[in-house]
Amino acid sequence: MVNLIPTPEAVMQILKRTGAYREGHFVYPSGKHTPHYFQMPLAFRYYDTARVLAVALSRKFRIDRDISSQLPKVAIISPSSGGIPVAFGVREALSAEQIYWAEREEGGKRMFRQYVNQGEVNPCIIVDDIIRSGSAIEETAERVKELGATVIGCGTIVRFTSAPESIGDVPIKSLIDFESRMYDAAEDCKDCKDKAPEEHVRF
Ligand SMILES: [Zn+2]
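Residues numbered from 1 in each chain as written. Predicted model: local features only at pLDDT ≥ 70, side-chain atom pairs only at ≥ 80, totals over all residues. Heavy atoms only, no water.

Caption draft 1: Fine view of the overall build of the protein. If you tally the helices and strands in the protein, you get six helices and ten strands. For a compact globule of 203 residues, the expected C-alpha radius of gyration is about 17 Å, and the protein comes in at 17 Å, within 12% of that figure. Overall, the protein is about 55 × 45 × 30 Å in size when its C-alpha atoms are taken along their principal axes. Here the protein holds 203 residues, and 47% of them are scored as buried. When contacts within the protein are restricted to residue pairs at least 6 apart in sequence, long-range pairs at least 24 apart make up 64% of them. (Helix = DSSP H or I, 4+ residues; strand = E, 2+ residues; numbered from the N terminus. Rg over C-alpha atoms; globule rule 2.2 N^0.38 Å. Buried < 20%, exposed > 50% of the residue type's maximum accessible area, 1.4 Å probe, protein only. Contact = heavy atoms within 4.5 Å.)

Put into structure tokens, the structure is as follows:
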């Protein structure tokens, strides 16, 4: 079963082909510069691609006995809108019972979009399309614990190597571990020094 999981190179090919991963000279709204840019929803606009990525991630959970033994009484949880297609794809592949997703409310606190009562939520697998800093998944894990539920798995299509490798004692499974380069200011940016044209990106 393990060999049915595509290699990181194969996943990267999918992200390049769909435009979800690009190389260039990008400037974030924060002012940070980077030579690479992920816009994961571009990969998820094609149903077939979305399915391949989500099924691949689901296999990493399926081969984990501690997780697979609890199916189907499991909740798949997305920390934000970007993870929703991942959550639905993983749910489908694992036949998990529940799906929840969170979003950031005014004031910045991350809350579940659904009204949920204490004790309603099954043991949770938190999934996202990309983990850059890990803060979204960490905040979501906190909400899960507040509801009296447990986190039994975490996973993402892409994880920046600067992000945590686990949430508590739950390892973050990923299809790609990507070593991100980010420059806080234009003076430090190699592409600025080379006078490469900038592209300003929204997310
Ligand atoms: Zn630059």
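Caption draft 2: Structural detail: the coordination of the zinc ion. Coordination of the zinc ion by the protein is provided by H25 (NE2), H33 (ND1), C189 (SG) and C192 (SG), with metal-donor distances spanning 2.0 to 2.4 Å. Here the zinc ion is ringed by four donor atoms whose angles at the metal span 98 to 117°, and the overall shape comes out tetrahedral. Sequence positions of the residues that donate to the zinc ion give the spacing H-x7-H-x155-C-x2-C. In this pair, H25 is assigned in strand β1 (residues 21-27) and C189 in the loop between β9 (170-178) and α6 (190-193), connecting sequence segments 164 residues apart. Judged on exposure class, the residue H25 and its partner C189 are both buried. (Donors = N, O, S within 2.8 Å, 3.2 Å for Na, K, Ca; no water. Tetrahedral: all angles 85-135°; square planar, octahedral: opposite > 155°, others 65-115°.)

Caption draft 3: Broad picture of helix α4 (residues 84-94). Taken as a whole, α4 has its buried residues at V86, A87, G89, V90 and L94. The arc enclosing the buried residues of α4, seen along the axis, measures out at 170°, which places them on a common side. Of the surrounding secondary structure, the elements contacted by the buried residues of α4 are α2 (47-62), β3 (75-78), β4 (98-104), β6 (124-131) and β7 (151-160). Positioned one or two residues after α4, S95 has a phi angle of 55°, which is positive. (Arc of directions from axis to C-beta.)

Caption draft 4: Spotlight on the pairing of β3. Taking every second residue as pointing to the same face, both faces of β3 are buried, with A75 and I77 on one and I76 and S78 on the other. As defined by bridge partners, β3 adjoins β4 across four bridges and the pair is classed as parallel. Within β4, the position partnered with I77 by the bridge is Y100. Viewed along the sheet, the connection from β3 through α4 into β4 turns out right-handed. (Pairing = 2+ DSSP bridges. Right-handed = clockwise from strand over helix to strand, strands pointing away.)

Caption draft 5: The arrangement of the pairing of β9 in detail. The buried fraction of β9 is high, at seven of nine residues. Where strand β8 (residues 166-167) meets β9, two bridges bridge the pair, whose relative direction is antiparallel. Each residue of the ladder has a partner; that of I167, found in β9, is V170. What sits between the antiparallel neighbours β8 and β9 is a turn of two residues, in which G168 has the positive phi angle 60°.

Caption draft 6: Up close: the side chain of R159. Topologically, R159 is positioned in strand β7. Of the polar contacts made by the side chain of R159, one reaches the side chain of D177; its length is 3.0 Å. (Polar contact = N/O pair within 3.5 Å; in protein donor to acceptor, adjacent residues only side chain to side chain.)

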